[in-house]
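Fold and geometry: a report
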Amino acid sequence: MAKLMKNDVVSSIVEQTGLSKKEATAAVDAFTATVSDALSNGDSVGLIGFGTFEARVRPARTGRNPQTGEPIEIAEKTVPVFKAGKKLRDAAS
C-alpha cells in the first residue's frame with residue numbers, strides 16, 4: 001500500500017484534466033484552504049459520494065502518564081474528522 005503525497009495528487013490531476021502543474025497545485029491548495037477555513041468556522045464540507053469533513057469536540061478526560069502511571073487531565077479539544085461516503089467506502093473494499 002503506497003502513500004500518495006501532494007506531488008502525486010497534483011501529478012494525477014494534471015494527467016486527468018490536462019491542467020498545467022501550476023494550475024493543479026493551485027487547485028489542491030485552494031481545496032485544502034477551503035476545507036481548513038470551513039472547519040475553523042465550525043462549518044462542515046460535504047462532497048456527495050466522497051465524504052464529509054467536520055470539526056468535532058473531543059471532551060476533557062482523565063488519562064494516564066505512560067511512564068509513571070499517574071493520572072493526568074487531558075483538556076477538551078476540537079479535532080477534524082472525515083466520514084467517508086458510500087461511493088468511497090465501496091471503492092476501498
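Above this note sits the structure.
Residues numbered from 1 in each chain as written. Predicted model: local features only at pLDDT ≥ 70, side-chain atom pairs only at ≥ 80, totals over all residues. Heavy atoms only, no water.

**With respect to the overall build of the chain**
Selection rule: Secondary structure elements are defined from DSSP: runs of H or I of at least 4 residues count as helices, runs of E of at least 2 residues count as strands, and each element is numbered from the N terminus. Radius of gyration here is computed from C-alpha atoms only, and the compact-globule reference equals 2.2 Å multiplied by the residue count raised to the power 0.38. Under the scheme applied here, a residue whose accessible area is under 20% of the maximum for its type counts as buried, over 50% as exposed, and between as partly exposed, the area being computed with a 1.4 Å probe on protein chains only. Pairs of residues are marked as contacts when any of their non-hydrogen atoms sit within 4.5 Å.
Broken down by element type, the chain carries three helices and five strands. Computed over its C-alpha atoms, the radius of gyration of the chain comes to 18 Å, more than 25% above the 12 Å expected for a compact globule of 93 residues. By its C-alpha atoms, the chain is 55 × 30 × 30 Å across when sized along the principal axes. Burial status across the chain gives 13% buried among its 93 residues. Sequence-distant contacts in the chain: of pairs separated by 6 or more residues, those separated by 24 or more amount to 29%.

**Comments concerning the pairing of strand S2 (residues 51–58)**
The side chains of a regular strand alternate, first on one face of the sheet and then on the other. What counts is decided by this rule: At least two DSSP bridges between two strands are required for those strands to pair.
Examined bridge by bridge, strand S1 (residues 45–47) and S2 share three bridges and lie antiparallel to one another. Paired with Val45 across the two strands is Phe53, which belongs to S2. Counted between consecutive antiparallel strands, the loop separating S1 from S2 contains three residues, among which Gly49 sits at a positive phi close to 90 degrees. Strand direction decides the pairing type here: S2 and strand S5 (residues 77–84), joined by eight bridges, are antiparallel. Of the residues in S5, the one forming a bridge with Phe53 is Phe82.

**Regarding helix H1 (residues 6–17)**
Rules: Expected span of a helix: the number of residues minus one, times 1.5 Å.
With 12 residues, H1 should reach 16 Å at 1.5 Å per residue; the first-to-last C-alpha distance of 16 Å fits that figure. Of the residues one or two after H1, Gly18 is the one with positive phi, at around 80 degrees.

**So, the pattern of salt bridges**
This is how the line gets drawn: We define a salt bridge as a contact between a side-chain nitrogen of Lys or Arg and a carboxyl oxygen of Asp or Glu at a distance within 4 Å.
Per the stated rule, a full pass over the model turns up three salt bridges. Two residues, Glu54 and Arg56, come together in a salt bridge whose shortest N-O distance is 2.7 Å. Between Lys86 and Asp90 there is a salt bridge, with its nearest N and O atoms 2.9 Å apart. Here Asp90 and Lys86 lie together in helix H3 (residues 86–92), a separation of four residues that amounts to about one turn. Classification of Asp90 as partly exposed rests on a relative accessible area of 45%.

**Focus on the sheet that holds S2**
Heads up, the condition is: All axes here are fitted lines through C-alpha atoms, helices being fitted over the stretch that makes contact, and every angle between N-to-C directions spans 0 to 180 degrees.
Strand order in the open sheet made by the three strands is S1-S2-S5, with antiparallel pairing throughout. Each edge of the open sheet carries a strand with a single partner, namely S1 and S5. Neighbouring strand axes in the sheet, compared pairwise and without regard to direction, differ in orientation by 30 degrees on average. Sheet contacts for helix H2 (residues 21–40): S1, S2 and S5; angle to S2, the most-contacted strand, approximately 40 degrees.

Just distances and angles here, no functional claims.
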